[in-house]
Amino acid sequence: AVVSTQEYGKQWYQRRVRGTSDKGDNVDTTQIRYFRHVLIFLGGLQGLEPAIESDETLKETDPRILFDYYLNVCPNQGSRTIRTEEALFITLTALRKQLSEFGMN
């Protein structure tokens, strides 16, 4: 699903949104569709779900509905939490192959 579109000049760009969580789908077995731009959401220490639940402006609190992809980028992780600064590099590494397939290397 297209979460938002914005007009830049004469071209329309689709923005595909990804949410990351240890409760998400395994990134290794998820096929990501073509996109031009990507926006990645990372949760805090308690995860993405509490951040969504605490936002009173959202009508929907199910991350599988809010995001085009709801991914677990670190399957079989050995700890309950991953610091956000670590999660950023883990996420970009996990998505590297699929990002580069669409010319975003």
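Each remark here, short or long, concerns the structure printed above.
Residues numbered from 1 in each chain as written. Predicted model: local features only at pLDDT ≥ 70, side-chain atom pairs only at ≥ 80, totals over all residues. Heavy atoms only, no water.

Comments concerning the side chain of glutamate 49
Right, so step 1: Inspection of the secondary structure puts glutamate 49 in helix α1 (residues 48-54).
Right, so step 2: At 4.2 Å, lysine 23 is the nearest oppositely charged side chain to glutamate 49, a buried residue that forms no salt bridge.
Right, so step 3: Among all residues touching glutamate 49, those that are not within four sequence positions of it are Ser21, Lys23, Pro63 and Tyr70. (Helix = DSSP H or I, 4+ residues; strand = E, 2+ residues; numbered from the N terminus. Buried < 20%, exposed > 50% of the residue type's maximum accessible area, 1.4 Å probe, protein only. Lys, Arg positive; Asp, Glu negative; His and termini not counted. Salt bridge = Lys/Arg side-chain N within 4 Å of Asp/Glu carboxyl O. Contact = heavy atoms within 4.5 Å.)

Focus on the nonpolar core
A general feature of soluble globular proteins is that nonpolar side chains tend to end up buried together.
Right, so step 1: Listed in full, the 8 residues of the largest apolar core are Val27, Ile32, Phe35, Tyr69, Leu71, Val73, Leu95 and Leu99.
Right, so step 2: Elements with a contribution of two residues or more to this core: β4 (69-72) and α3 (84-101). (Core = buried A, V, L, I, M, F, W, Y, C linked by side-chain atoms within 4.5 Å.)

Digging into α3
Right, so step 1: A rise of 1.5 Å per residue sets the reference length of α3, with its 18 residues, at 26 Å; its end C-alpha atoms lie 26 Å apart and thus fit the reference within 8%.
Right, so step 2: For α3, the principal kink sits at leucine 95 and spans about 55 degrees. (Expected span 1.5 Å × (residues − 1). Bend = angle between axes of the 7 residues up to and from the residue.)

Overview of a nonpolar patch on the surface
Right, so step 1: Judged by side-chain polarity, Leu88, Phe89 and Leu92 come together as a nonpolar surface patch covering roughly 300 Å² of accessible area.
Right, so step 2: Structurally, leucine 88 is set in helix α3. (Patch = residues over 30% accessible without salt bridge, like charges linked within 9 Å, V, L, I, M, F, W, Y side chains within 5 Å. Areas by Shrake-Rupley, 256 points an atom, 1.4 Å probe, with all protein chains shown as cover.)

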